[in-house]
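Breakdown of the fold
Each chain is listed here by its residues.
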Amino acid sequence: MQENQPIAEKSKDDILVDRQGEVLTQPLEKKMTKQFYLESYGCAMNFSDTEIVASILNKEGYGPTKVMQDADLILINTCSIREKAEENVRQRLSVFNKSTKGSKPIVGVLGCMAERLKHKLIEEEKLVDIVVGPDAYRDLPNLIHAAQTGQKGVNVLLSREETYDDITPMRLDSNGVSAFISIMRGCDNMCSFCVVPFTRGRERSRNAFTIVAEAQDIFDQGYREITLLGQNVDSYKWTNPETNETVNFANLLAMTAKVNPKLRIRFSTSHPKDITDEVLYTMRDHHNICKYVHLPAQSGNSRVLKLMNRTYTREWYMERVDAIYRIMPDCTISSDMIAGFCTETEEEHKDSLSLMEYSKYSMSYTFYYSERPGTLAARKYEDDIPYDVKKRRLAELVAMQREMSRLSNVQDLGKTFEVLIEGDSKKSDQQFRGRNSQNKMLIFDKVEGYGIGDYVHVKVDTNNSATLFGKIVNQND
Ligand code: SAH
Ligand code: SF4
Ligand code: F3S
């Protein structure tokens, strides 16, 4: 676990996605006359958007390149969630500035930072030609054309309708097994620390039939796992204009689960205030809906949760955790936790630690509070916890999670899990890596006859706090 970790990081591969530690590189399509180079930062929704952008560019005759110097167009899809995320982007922009030689490429900033800073980005970063917010990607071709004639362009209009549901994403995920599907956009929650409602606009849900069709299409291409994405998937709600029937998240889960029993369904993120028993029962009733819930608590103290405007209490959260384990005893839960939110006392911080222990998280993303301009917290509360205190509390959250992860993994010793093979283990090409339904990574020796995208049964024999190790066995061994 890293402190204040960026969800995406730079690696030696230039076009990359690092989703929770996994580096994926973009496959090169047949060479086109014009080429784009694209880097993506932030959450899974941003990566999913990057695939939509790539599809829009492809239609305009642009092919992807991994070599920045070869690109006619350099784009960076950005994140504003914490100050550090924005610093990373600024650093990358300065690298672009230095590394482009010969004829100057067009440089564009996309995503949340584009939305937050708007025209300011063009004023502040001399290399930037275009700035495009998350709801304006259809306008990219126009903005690029304008930039080719020397005009700088900004489109940061947010929409109440845009879901890009008619655009087939160009899958940038080279493992060919797992894909993201955005089911909604925006967020209406207004958690006081969070910039997302400002950068992504109002919540809207995508047509359920286009989601199911995309899932089917992905399965037909050989993918075996989809993750349904939204900032708060439990508030998914789409009304069929022809029948007036409403599809809620539980209904959508069941619809996608029926695409094929061999297609695994994951989803993120669940909001503790909205996750219903109906969703939990739907998960229980479908083998291929993964038994894993990412349920960010943010804090374990009810007063802090109120200041955060999360609209649930510690007790409510615990009841939801109890419901998950009661309905699905084999389910794992993970969380996001923030250390050192405005006015948080030592006792209140200890409540976060004890909630982590109570919830037995298999994994957590932990952050220290980073004030974001314009948010409710920035306007109403003083960012009064000193940096070193925030860091120390964060270290305590990390240590608690490490222990919870270890305990959770020890529980799995001797158990046999169905695992979807995702690729070679990072350390050895004699071993595969794959995840079980509970989203835990397993490493195991290769056996003749099995390959990427296959399901195998793996019996766990050893573990560390991050990974399980085992052997392929027959289902009943
Ligand atoms: N929609 C998701 C969260 C998306 S942002 C949800 O409601 O859970 C991902 C995580 O970043 C959040 O869960 C939160 O833990 C963290 N985060 C958001 N704003 C932050 C801030 N200002 N400082 C520190 N962490 C923050
Ligand atoms: Fe941010 Fe809260 Fe919306 Fe999550 S639910 S994106 S934390 S405002
Ligand atoms: Fe970052 Fe925007 Fe996602 S701020 S976390 S990229 S929604």
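Before reading on, note that the structure itself is shown above.
Residues numbered from 1 in each chain as written. Chains lettered and ligands numbered in written order. Predicted model: local features only at pLDDT ≥ 70, side-chain atom pairs only at ≥ 80, totals over all residues. Heavy atoms only, no water.

Some points on the packing of aromatic side chains
- By the definition in use, this model includes 10 aromatic pairs.
- With 6.1 Å between their ring centres and 35° between their planes, Y312 and Y317 make a pair best called tilted.
- Classification of Y317 as buried rests on a relative accessible area of 1%.
- Between the aromatic rings of F341 and Y369, the centroid separation amounts to 4.9 Å while the plane-to-plane angle is 75°, which identifies the pairing as edge-to-face. (Phe/Tyr/Trp six-rings, centres within 6.5 Å; stacked < 30°, edge-to-face > 60°. Buried < 20%, exposed > 50% of the residue type's maximum accessible area, 1.4 Å probe, protein only.)

Observations concerning the environment of P197
- Of note, P197 is situated in helix α6 (residues 196-200).
- As for P197 and N260, which are separated by 63 residues in sequence, their C-alpha atoms are 34 Å apart. (Helix = DSSP H or I, 4+ residues; strand = E, 2+ residues; numbered from the N terminus.)

Considering the pattern of salt bridges
- What the rule picks out here adds up to 38 salt bridges.
- R200 is the salt-bridge partner of D49, the closest N and O atoms lying 2.9 Å from each other. You can see D49 sitting in helix α1 (residues 44-59) and its partner R200 sitting in helix α6, a full 151 residues away along the chain.
- Look at D49 and you get buried, because its relative accessible area is 0%.
- Taken together, the salt bridges that share partners define one network made up of E225, R264, R266, E422, R433 and R435. (Salt bridge = Lys/Arg side-chain N within 4 Å of Asp/Glu carboxyl O.)

Some words on the environment of H119
- Within the fold, H119 resides in helix α4 (residues 119-124).
- Looking at H119, the relative accessible area reads 49%, which means it is partly exposed.
- Expressed as a C-alpha distance, the spacing of H119 and N155, which sit 36 residues apart in the sequence, is 9.2 Å.

Here's the deal with the sheet that holds strand β21 (residues 441-445)
- Sheet architecture is closed into a barrel: 5 strands sit in the order β19-β20-β21-β23-β22, paired in mixed fashion. For this sheet, the mean angle separating the axes of adjacent strands, direction not counted, is 50°.
- Here strand β20 (residues 431-436) runs beside β21; their pairing, made up of 5 bridges, is antiparallel. Considered in β21, the bridge of R433 is made with I443. (Pairing = 2+ DSSP bridges. Axes fitted to C-alpha atoms, helices over the stretch in contact; angles between N-to-C directions.)

Structural notes on the site of ligand 1
- Residues in close proximity to ligand 1 total 15 residues, the closest being R82, Q231, Q298, D336 and S370.
- Q298 places a polar side-chain atom, nitrogen or oxygen, 2.6 Å from an oxygen atom of ligand 1.
- Note that an oxygen atom of ligand 1 is positioned 2.6 Å from one of the side-chain N or O atoms of D336.
- Out of a free accessible area of 540 Å², ligand 1 has 92% covered by protein chains. (Near = heavy atom within 4 Å. Polar contact = N/O pair within 3.5 Å; in protein donor to acceptor, adjacent residues only side chain to side chain. Areas by Shrake-Rupley, 256 points an atom, 1.4 Å probe, with all protein chains shown as cover.)

Looking at the site of ligand 3
- If you check the shell around ligand 3, you find G42, C43, N46, T78, C79, S80, I81, C112, V196, R200 and Q231 and nothing else.
- Split by residue class, the shell around ligand 3 holds 5 nonpolar, 5 polar and 1 charged.
- Both domains that meet at the shell around ligand 3, namely domain 1 (12-155) and domain 2 (178-410), each give it at least three residues. (Nonpolar A, V, L, I, M, F, W, Y, C, P; charged D, E, K, R; others polar. Domains from an automatic or database assignment.)

Examining the sheet that holds strand β3 (residues 34-40)
- The strand order β4-β3-β5-β6-β7-β8 describes an open sheet built from 6 strands, whose pairing is parallel. The sheet is open, and its two borders are formed by β4 (62-64) and β8 (153-155), each paired with just one other strand. Going across the sheet, the axis of each strand differs from the next one's by a mean of 20°, ignoring polarity.

Description of the side chain of Q35
- Mapped onto the secondary structure, Q35 falls in strand β3.
- Classification of Q35 by relative accessible area gives buried; the value is 11%.

Observations concerning the pairing of strand β9 (residues 178-182)
- With 5 of 5 residues buried, β9 lies mostly within the body of the structure.
- Here β9 shows no split at all, with S178, F180 and S182 on one side and A179 and I181 on the other all buried.
- Across 5 bridges, the pairing between β9 and strand β12 (residues 225-229) is parallel. Pairing of S182 across the sheet is with L229, part of β12.

Overview of the environment of D129
- Tracing the backbone through its elements, the reader meets D129 in the loop between α4 and β7 (130-132).
- For D129 and V109, which are 20 residues apart along the polypeptide, the C-alpha to C-alpha distance reads 8.2 Å.

As for the packing of helix α12 (residues 346-359) against helix α14 (residues 387-410)
- Running from N to C, α12 and α14 cross one another at 15°; their axes reach a closest spacing of 9 Å. When the interaxial angle is binned, α12 and α14 end up roughly parallel. Like other packed secondary-structure pairs, α12 and α14 cross with a definite hand, here right-handed. Here α12 contributes E346, H349, S352, L353, M356 and E357 to the contact with α14, which in turn contributes V389, R392, R393, E396, L397, M400, Q401 and M404.
- Looking at side-chain class alone, the contact of α12 with α14 contains 6 nonpolar, 3 polar and 5 charged residues. (Parallel < 35°, antiparallel > 145°, perpendicular 65-115°, else oblique. Left-handed = near helix turned anticlockwise from the far one by under 90°. Contact = heavy atoms within 4.5 Å.)

Function cannot be inferred from these measures alone, as they are strictly geometric.
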